[in-house]
Amino acid sequence: MNSFKEGWYSELSEVICPGQCFSLEVDEIIYEGKSQFQEILMLKSKTYGKCLVLDGMMQYTERDECSYQEMMAFMPLNSHPNPESVLIIGGGDCGVLREVLKHPKVKTAELCEIDQKVVDICRQHFPHVDQVLSNPKAKLRIEDGFKLLQNSPQQYDVIITDSSDPVGPAESLFTSDFYRLLKSALKPNGIVCSQGECFWLSLDLLKKMRKFTRQLFPSVGYAWTSMPTYPSGQIGLLLCSLNPATDFANPVTTFTDDDVAEMSLQYYNADVHRAACVLPSFVRRAFLEIDNEK
């Protein structure tokens, strides 16, 4: 559900962020329509540039997208010693794919997006989409991520789940069945990174996910990043590795300042990587409670 009033767009959801909303002043409604899977809205805001909204929830803005895209890409990639083959599930705006392709060790990057219309709309309004999809290392697959994983045993070094919130077409991406499929599609010592919701709003869901991921993977971590246009201004990253020695707080690949500049990174660096794994006390306690369950 969303609302337009006197030139402002307000994000209203009693499911995702009950009792609160985020608003942006809007210059123009660029596109409003519906695909087979979801409602799609493209706005031109006064302060955040063009904005992609799916089912009433902000997914991408030109001003702050760098935080989410860079962290979703480089937290897992720099925690793996040799991330040659990468799968991204979701992320039809191609922002995570753009960042993954910057990594010097990546040889192939597949993007599996269920909704062709999201890709088409983003291709029209975000210049990077055509650029990254024309990269010879990139492959776009329009299909259900569940079905792709069922036919991809031990194929990927890193899988990134760039999903929207756990309602509608993305709901199944937050279940233990889905994580079993992710695990089966990883090569030995492979890593999964998933959109990890907001600990201010979804701590019970995160506790549930931590419990079942720790039953599936020998190393599980949680990191977070600042994201002004996401609910409560924070979004998490759920990180899982088949290598018990993986320490997500200490990257095995460290970008130098020159690397950061050459890649035109706006948010991610090695210090931010390490700091992202430092959690508030209430989140630590909640996770420790799960970890100590027998």
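Being a predicted model, the structure only gives us computed values, none of them experimental. (Residues numbered from 1 in each chain as written. Predicted model: local features only at pLDDT ≥ 70, side-chain atom pairs only at ≥ 80, totals over all residues. Heavy atoms only, no water.)

**Comments concerning the overall build of the chain**
Defined as follows: Under the DSSP-based scheme used, a helix requires at least four consecutive residues in state H or I and a strand at least two consecutive residues in state E, with every element numbered from the N terminus. Using C-alpha atoms as the atom set, the radius of gyration is obtained and then compared with a globule rule of 2.2 Å times the number of residues to the power 0.38. Accessible area is worked out with a 1.4 Å probe on protein chains only. A residue is then buried under 20% of its type maximum, exposed over 50%, and partly exposed in between. Note that accessible areas follow from Shrake-Rupley with a 1.4 Å probe, and for residues the cover is restricted to the protein chains shown. In this tally, Asp and Glu contribute negative charge and Lys and Arg positive charge; neither His nor the terminal groups of the chain are included. A single reference atom marks each charge: NZ on Lys, CZ on Arg, CG on Asp, CD on Glu.
A tally of regular secondary structure across the chain gives 10 helices and 13 strands. Against the globule reference of 19 Å for 294 residues, the chain gives a C-alpha radius of gyration of 18 Å, in line with a compact fold. Each principal axis of the C-alpha distribution contributes one length, and for the chain these read about 55 × 45 × 40 Å. Within the span of the chain, comprising 294 residues, buried residues form 56% of the whole. Per element, the accessible surface of the chain, about 12800 Å² overall, is 48% carbon and sulfur. Positive and negative side-chain charges in the chain, numbering 28 and 39 respectively, have mean positions lying 6 Å apart.

**Quick word on unusual backbone geometry**
Positive phi values are uncommon outside glycine, yet E197 reaches one of about 55°. On the secondary structure map, E197 appears in the loop between β11 (186-195) and α7 (203-216). With a relative accessible area of 4%, E197 lands in the buried category. Its identity is not glycine, yet S232 carries a phi of approximately 70°, on the positive side. Inspection of the secondary structure assignment puts S232 in the loop between β12 (219-226) and β13 (234-241).

**Here's the deal with the sheet that holds strand β7 (residues 85-90)**
Operational definition: We treat two strands as partners when DSSP finds at least two bridges between them. Throughout, an axis means a line fitted to C-alpha atoms (over the contacting stretch in the case of helices), and angles, computed between N-to-C directions, take values from 0 to 180 degrees. The contact criterion used is simple: two residues touch if any of their non-hydrogen atoms lie within 4.5 Å.
If you trace the seven strands from one edge of the open sheet to the other, you get β9-β8-β7-β10-β11-β13-β12, paired in mixed fashion. Each edge of the sheet is formed by a strand with only one pairing partner; in this case those strands are β9 (138-142) and β12. Taken pair by pair, the neighbouring strands of this sheet meet at an average axis angle of 15°, ignoring direction. Relative to β13, β12 runs antiparallel, the two sharing eight bridges. Within β13, the position partnered with A223 by the bridge is L237. Contacts from helix α1 (residues 65-77) reach β7, β10 (156-162), β11, β12 and β13, with the element oriented near 155° to β10.

**Description of the pattern of salt bridges**
Pairing between side chains of opposite charge can happen when the charged atoms of each approach one another. Convention followed: The salt bridge criterion pairs a side-chain nitrogen of Lys or Arg with a carboxyl oxygen of Asp or Glu, the two atoms within 4 Å.
Inspection of every chain in the model, using the stated rule, returns 14 salt bridges. With its nearest N and O atoms 2.9 Å apart, the salt bridge here joins R141 to E110. Note that R141 is positioned in strand β9 and E110 in strand β8 (residues 108-113), a separation of 31 residues in sequence. When its relative accessible area of 11% is taken as the criterion, E110 is described as buried. Residue R210 is joined to D291 by a salt bridge in which the shortest nitrogen-to-oxygen separation is 2.9 Å. You can see R210 sitting in helix α7 and its partner D291 sitting in helix α10 (residues 281-291), a full 81 residues away along the chain.

**Considerations on the packing of α7 against α10**
To keep things clear, this is the line we draw: Our angle categories are set so that under 35 degrees counts as roughly parallel, over 145 as roughly antiparallel, 65 to 115 as roughly perpendicular, and the remainder as oblique. We call a crossing left-handed when the near helix sits turned anticlockwise from the far one by less than a right angle, and right-handed when that turn is clockwise. When residues are grouped by polarity, Ala, Val, Leu, Ile, Met, Phe, Trp, Tyr, Cys and Pro land in nonpolar, Asp, Glu, Lys and Arg in charged, and all others, Gly among them, in polar.
Close contact between α7 and α10 brings their axes to 9 Å; oriented N to C, the two are set at 40°. Comparing their axes, α10 and α7 come out oblique. Relative to α10, α7 is oriented so that their crossing is right-handed. Contact residues: α7 offers L203, L206, K207, R210, K211 and R214, while α10 offers F282, V283, A286, F287, E289, I290 and D291. Here the contact of α7 with α10 is built from residues that sort into seven nonpolar, no polar and six charged.

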